[in-house]
Amino acid sequence: NYFGVGPGAGAGPACGTCYQLTIETDSSGKQVANHGNTIVVQVTNLCPAQGNPICSQSSKTSTNQYGAVVNFDLCLDSKANTALFQGDNIGLGVGTAIPVSCAGYSGSKVQ
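Given the structure is predicted, the values throughout are model-derived calculations rather than measurements.

(A) View of the overall build of the protein. When its secondary structure is counted, the protein shows 1 helix and 3 strands. Shown N-terminal to C-terminal, the secondary structure of the protein runs as helices and strands in the order β-β-α-β. Within the protein, the fraction of its 111 residues that count as buried is 26%. Restricting to contacts in the protein with at least 6 residues of sequence separation, those with at least 24 account for 60%. For the protein, the accessible surface area stands at approximately 6900 Å², while carbon and sulfur atoms represent 52% of it.

(B) Molecular detail of the nonpolar core. Within the largest apolar cluster, 13 residues are counted, with the highest numbers of intra-cluster contacts made by Leu 21, Ile 39, Val 41, Leu 74 and Leu 84. Those elements that place two or more of their residues in this core are strand 1 (18-26), strand 2 (38-42) and helix 1 (80-85). Leaving out residues up to four positions away in the same chain, Val 41 has contacts with Thr 17, Cys 18, Tyr 19, Leu 21, Phe 72 and Leu 74.

(C) Structural detail: the sheet that holds strand 3 (residues 93-100). Strand order across the open sheet formed by 3 strands is 2-1-3, with antiparallel pairing between neighbours. Only two strands of the sheet have a single partner each, and these edge strands are strand 2 and strand 3. Each adjacent strand pair in this sheet contributes to an overall mean axis angle of 30 degrees, direction not counted. Inspection of the sheet shows strand 1 paired to strand 3 by 8 bridges, in the antiparallel sense. Residue pairing across strands places Ile 23 opposite Gly 95, the latter belonging to strand 3.

Definitions and limits used
Residues numbered from 1 in each chain as written. Predicted model: local features only at pLDDT ≥ 70, side-chain atom pairs only at ≥ 80, totals over all residues. Heavy atoms only, no water. Helix = DSSP H or I, 4+ residues; strand = E, 2+ residues; numbered from the N terminus. Buried < 20%, exposed > 50% of the residue type's maximum accessible area, 1.4 Å probe, protein only. Contact = heavy atoms within 4.5 Å. Areas by Shrake-Rupley, 256 points an atom, 1.4 Å probe, with all protein chains shown as cover. Core = buried A, V, L, I, M, F, W, Y, C linked by side-chain atoms within 4.5 Å. Pairing = 2+ DSSP bridges. Axes fitted to C-alpha atoms, helices over the stretch in contact; angles between N-to-C directions.

Here you go:
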């Protein structure tokens, strides 16, 4: 929720931006089999923070229980989780998120 706004307040400042996500470890710190795998995603909505401590960051300096200031909740319907984790049966991965251009993004842009 680093980039989010409250429910019903419209799109947050990151909506429509793209990030390159790279997976390195699972949530316990164990290196995953496909470490270094990278995908590009476009931010489309807010991570549901209600009752979800992973998405509970409320400022640019607060962190979740894994020490991260940013969390990407990858949608099952888009298959983004499968593309990043490659069937490694990971529920939560830790890695990097780098802002990138959306120029090569082939999905639909959220306005």
